[in-house]
Amino acid sequence: MKSSFVMVLAFILPIIRAQVPHWGPCPEPSVQLAFNLKQFMGRWFEISKLPAQFEKGRCIEDNFTLTTENSFRVSSSEVLKGEIRKIDGTGVVQDPKHPAKLGISYSYVLPYSPYWILSTDYVNYALVYSCTDILRLFHVDFAWILGRTRTLPEATVWKAKETFVNNNIDVSRMTATKQQGCDKTL
């Protein structure tokens with residue numbers, strides 16, 4: 001039993017190295033009502049995020065393309081050490097009763113990770129949340145503020161953070177994503 005627990009920790013710790021685990025299961029935030037996947041498609045720029053091991057660069061953006069009524073492709077990119085890094089994935093509506101509860105995978109062998117749209121107006125901003133329970137003892141989460149442009153007004157960012165907090169999501173470690181000088185690079 002003890003060795004099993006040690007093996008599980010040995011597997012999990014590298015995954016959560018940049019993230020901060022929180023005790024207990026994932027929160028259950030409210031998601032966008034009457035979410036329209038087609039309107040969400042297109043180019044989104046990362047404005048702010050909770051630290052994520054898989055995002056270390058600047059000029060981070062995602063481009064979503066509808067493939068069927070309930071599925072899409074996503075192409076994510078960032079500039080890291082002067083080079084553009086891209087990765088492609090697929091996404092689906094995981095729960096037709098709650099179409100804002102999306103799932104995204106960047107690998108054919110890994111399951112879809114939650115990618116929940118908490119709020120969006122489709123033309124300016126989107127708030128995205130993802131959370132994974134680890135043995136229901138603790139959870140690791142990610143949160144993003146996205147914009148259709150590389151910057152958003154400070155009042156919009158503040159209101160976005162307030163929405164996360166009102167849904168029991170700790171954004172005290174949220175950082176702004178560097179989006180300066182991107183058009184020259186990309």
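## Notes on the pattern of salt bridges
At step 1: Scanning the model with the defined rule gives 5 salt bridges in all.
At step 2: Of the charged contacts, one joins Asp88 and Arg73 as a salt bridge, the two residues approaching to 3.9 Å between their closest N and O atoms. With Asp88 in strand 5 (residues 83-93) and Arg73 in strand 4 (residues 71-80), the pair connects residues that are 15 residues apart, well separated along the chain.
At step 3: Three or more residues are tied together by salt bridges with common partners; here these are Arg43, Glu61 and Arg150.

## Quick look at unusual backbone geometry
At step 1: Of note, Cys59 is a non-glycine position whose phi angle comes to about 55°, a positive value.
At step 2: For Cys59, a relative accessible area of 0% puts it in the buried group.

## Here we look at helix 3 (residues 154-166)
At step 1: Its 13 residues place the ends of helix 3 18 Å apart at the C-alpha level, agreeing with the 18 Å of an ideal helix rising 1.5 Å per residue.
At step 2: Taken residue by residue, helix 3 has Val157, Ala160 and Phe164 as its buried positions. All buried residues of helix 3 project into a common sector of 60° when viewed along the axis, lining one side. Helix 3 presents Ala155, Trp158, Lys159 and Asn166 as exposed residues on the side facing more than 90 degrees away from its buried surface.
At step 3: Where helix 3 ends, the next residue or the one after it, Asn168, has phi of about 60°, a positive value.

## Some thoughts on the confidence of the model for the chain
At step 1: Residue-level pLDDT values for the chain average 88, and 88% of them are 70 or greater.
At step 2: The low-confidence segment residues 1-18 (pLDDT under 50) makes 12 contacts with residues lying over four places distant or belonging to another chain.

## Concerning the state of the cysteines
At step 1: By the definition in use, this model includes 2 disulfides.
At step 2: Here Cys26 connects covalently by a disulfide to Cys131, the sulfurs 2.1 Å from one another. Here the S-S torsion is close to -90°, and the disulfide linking Cys26 with Cys131 is therefore left-handed. Here Cys131 lies in strand 8 (residues 125-134) and Cys26 lies in the loop between strand 1 (22-23) and helix 2 (37-40), a separation of 105 residues in the sequence. You'll find Cys26 and Cys131 in the same group, each marked buried.

## Looking at the nonpolar core
At step 1: Formed by 42 residues in total, the largest nonpolar core has its most connected members in Phe40, Phe64, Tyr115, Ile145 and Phe164.
At step 2: Elements that contribute at least two residues to this core include exactly helix 2, strand 2 (42-49), strand 4, strand 6 (101-105), strand 7 (113-120), strand 8, strand 9 (138-147) and helix 3.
At step 3: Per-element accounting of this core gives the leading share, 7 residues, to strand 9.

## Description of the packing of aromatic side chains
For any pair of aromatic rings, the description rests on two quantities: the centre-to-centre distance and the angle between the ring planes.
At step 1: Within this structure, the stated rule accounts for 9 aromatic pairs.
At step 2: Judged by centre distance (5.2 Å) and plane angle (55°), the ring pair of Phe40 and Phe64 falls under tilted. Of the two residues, Phe40 is situated in helix 2 and Phe64 in strand 3 (residues 58-68); the sequence distance between them amounts to 24 residues.
At step 3: A relative accessible area of 2% places Phe64 in the buried class.
At step 4: Here the aromatic residues Phe35, Phe40, Trp44, Phe64, Phe72, Tyr115, Tyr122, Phe142 and Trp144 are joined through ring pairs into a cluster of three or more.

Calculation rules
- Residues numbered from 1 in each chain as written.
- Predicted model: local features only at pLDDT ≥ 70, side-chain atom pairs only at ≥ 80, totals over all residues.
- Heavy atoms only, no water.
- Salt bridge = Lys/Arg side-chain N within 4 Å of Asp/Glu carboxyl O.
- Helix = DSSP H or I, 4+ residues; strand = E, 2+ residues; numbered from the N terminus.
- Buried < 20%, exposed > 50% of the residue type's maximum accessible area, 1.4 Å probe, protein only.
- Expected span 1.5 Å × (residues − 1).
- Arc of directions from axis to C-beta.
- pLDDT = per-residue confidence, 0-100.
- Contact = heavy atoms within 4.5 Å.
- Disulfide = S-S within 2.5 Å.
- Core = buried A, V, L, I, M, F, W, Y, C linked by side-chain atoms within 4.5 Å.
- Phe/Tyr/Trp six-rings, centres within 6.5 Å; stacked < 30°, edge-to-face > 60°.

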